[in-house]
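Descriptive structure summary
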Amino acid sequence: MKDLQVPERRQFVKRVSRVLAGLGAGLLIGSAALADDAGRALAQRVYDRADGEDATSVVTMSLTEEGRSPRVRSMVVYRLSGEGGEVSTLIRFTDPADIAGTGLLTLDAADGASNQWIYLPAMQRVRRVDSNRKGGRFVNSDYYFEDLRDRKPTMDTHRVIGQETLDGVACDVLESVPVEAGNSVYLRRVSWIDPVSLLPLRVDFFEKDAEQPSKRLEVVVRDQVQGYWTAMDSTLSDLRSGHRTRLVVERIAYDRGLPTRLFSSKALEDERGEKEFRP
């Protein structure tokens, strides 16, 4: 540097600055890519978590809001996973009388497309759920119709944004943002993933405000049933109104060999076709 004239020295400094700036940008880009890769890998592991070829569960749903006694409902939930990546789900309410017989059929295709039909005994017919009703509340619970659909990892971009301990479990915190804004009612979701069970122990849902969650799902009890990790007791809360929906799995059985005919509009409309499969 001593031998360089002032103009040459300035040019040398500029060249060095550009090189350093380029290295810094490269490091930042590399770190972002690693974070994205880690997020995608974690999201895929969560989605691929072993949960049997099919499952049948008896579930108690409790709806709670301030100033009112809890409304308790019973239902049977059937789920069948296809070899090609499709997922079929049938929900049937069995109690109390004012909701008994009501059912929801959800058919999720391998490409991420979803179709839903609801059966209301009072109307005595099957009605298709409008695909635009992603944010519609299912039977006045805190679950939207979207929450009851299978969501493929490719429908979101994912990144690990940190680690946090929940109830003594060191969880990976995963942020998921829709690839296309129109394919979800949520702007983003943040999940606290248990690295052992790969179950999300908490999920914060962000709707109109990307900084303040509107809903929160918390898994209170998880257990292994037939070797499969299962959320046995969970609560979904509306953080604005304080309304809560609690789901308690009373009984669950995996790999019973459920037939595909159980997941049809005929079985949805006529519950006699599915009663024989109730545990």
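Please refer to the structure higher up on the page.
Described in the following lines is the structure provided in the data block.

Thresholds applied
Residues numbered from 1 in each chain as written. Predicted model: local features only at pLDDT ≥ 70, side-chain atom pairs only at ≥ 80, totals over all residues. Heavy atoms only, no water. Helix = DSSP H or I, 4+ residues; strand = E, 2+ residues; numbered from the N terminus. Buried < 20%, exposed > 50% of the residue type's maximum accessible area, 1.4 Å probe, protein only. Lys, Arg positive; Asp, Glu negative; His and termini not counted. Salt bridge = Lys/Arg side-chain N within 4 Å of Asp/Glu carboxyl O. Polar contact = N/O pair within 3.5 Å; in protein donor to acceptor, adjacent residues only side chain to side chain. Contact = heavy atoms within 4.5 Å. 1 Å grid on protein atoms, 1.4 Å probe; cavity = no way out; pocket = protein on both sides within 12 Å on 5 of 7 lines; lining within 4 Å. Points joined across faces, edges and corners; volume = space filled by probe spheres on them. Nonpolar A, V, L, I, M, F, W, Y, C, P; charged D, E, K, R; others polar. Core = buried A, V, L, I, M, F, W, Y, C linked by side-chain atoms within 4.5 Å. Phe/Tyr/Trp six-rings, centres within 6.5 Å; stacked < 30°, edge-to-face > 60°. Lys NZ or Arg CZ within 6 Å of the ring centre and 35° of its normal. Pairing = 2+ DSSP bridges.

1. Focus: the side chain of Arg149
Relative to the elements of secondary structure, Arg149 occurs in the loop between strand S6 (125-128) and strand S7 (156-166). Lacking a salt bridge, the buried Arg149 has Glu146 as its closest oppositely charged neighbour, with an N-O distance of 5.8 Å. Among the polar contacts listed, one links the side chain of Arg149 to the side chain of Gln116, at a separation of 2.8 Å. Dropping the residues within four chain positions of it, Arg149 is found in contact with Thr106, Asp108, Ser114, Gln116, Asp130, Ser131 and Lys134.

2. Observations regarding the layout of surface pockets
Using a probe with the size of a water molecule, rolled over the atoms, empty space left in the structure can be pinpointed. Counted as a void, the second largest pocket has a volume near 280 Å³. Contributing to the lining of the second largest pocket are 14 residues, with Gly112, Lys134, Arg149, Met155 and Asn183 lying nearest its centre. Considering only residue class, the lining of the second largest pocket consists of three nonpolar, four polar and seven charged.

3. A word on the nonpolar core
When a protein is soluble and globular, its nonpolar side chains tend to lie buried together. The biggest cluster of nonpolar side chains holds 29 residues, and the ones touching the most others in it are Met75, Ile91, Phe93, Leu104 and Phe138. When residues of this core are traced back to their parent elements, those giving at least two are strand S1 (54-64), strand S2 (71-81), strand S3 (87-95), strand S10 (200-206), strand S11 (215-225), strand S12 (228-238) and strand S13 (244-254). Beyond its immediate sequence surroundings of up to four residues, Phe93 is in contact with Met61, Arg73, Ser74, Met75, Ile99, Ala100, Gly101, Thr102, Phe138 and Val139. With 12 residues, the next largest nonpolar core counts Val76, Leu105, Leu262 and Phe263 among its residues.

4. What to know about unusual backbone geometry
For the bond from Asp95 to Pro96, the omega torsion is 0 degrees, close enough to zero to count as cis. For Pro96, the position within the fold is in the loop between S3 and strand S4 (103-108). The residue Asn140 is not glycine, and still its phi comes out positive at about 60 degrees. Inspection of the secondary structure puts Asn140 in the loop between S6 and S7. Accessibility expressed as a relative area gives 53% for Asn140, which makes it exposed. With a phi angle near 60 degrees, Leu198 is a residue other than glycine that sits in the positive phi range. With respect to the element layout, Leu198 can be found in the loop between strand S9 (188-193) and S10.

5. Some words on the packing of aromatic side chains
Evaluated as defined, the whole model comprises five aromatic pairs. Between Phe93 and Phe138, the ring centres sit 5.9 Å apart and the planes meet at 40 degrees, which makes this aromatic pair tilted. Separated by 45 residues along the polypeptide, Phe93 in strand S3 and Phe138 in the loop between S6 and S7 bring together distant segments of the chain. Taken individually, Phe93 and Phe138 each receive the classification buried, so the pair is uniform in this respect. Note on Phe138 and Phe145: the rings are 5.9 Å apart at their centroids and 65 degrees apart in plane angle, and the pair reads as edge-to-face. For Phe145, a relative accessible area of 3% translates into the label buried. In textbook terms, an aromatic cluster arises when at least three aromatic residues are bridged by ring pairs, as seen for Phe93, Phe138 and Phe145. Over the aromatic face of Trp192 sits the side chain of Arg202, whose NZ or CZ is 4.0 Å from the ring centroid.

6. A short note on the pairing of S1
Burial runs high along S1: 11 of the 11 residues are buried. The alternating pattern of S1 places Asp54, Thr56, Val58, Thr60, Ser62 and Thr64 on one face and Ala55, Ser57, Val59, Met61 and Leu63 on the opposite face, and all of these are buried. Relative to S2, S1 is paired through 10 bridges, and the arrangement is antiparallel. The residue bridging Ser62 from the neighbouring strand is Val72, located in S2. Remark: six residues form the turn of the hairpin made by S1 and S2, two consecutive strands paired antiparallel; Gly67 in that turn has positive phi of roughly 85 degrees. Note that S1 and S13 share 10 bridges and pair antiparallel. By the bridge assignment, Met61 is partnered in S13 with Leu247.

All we've got here are geometric facts, nothing functional implied.
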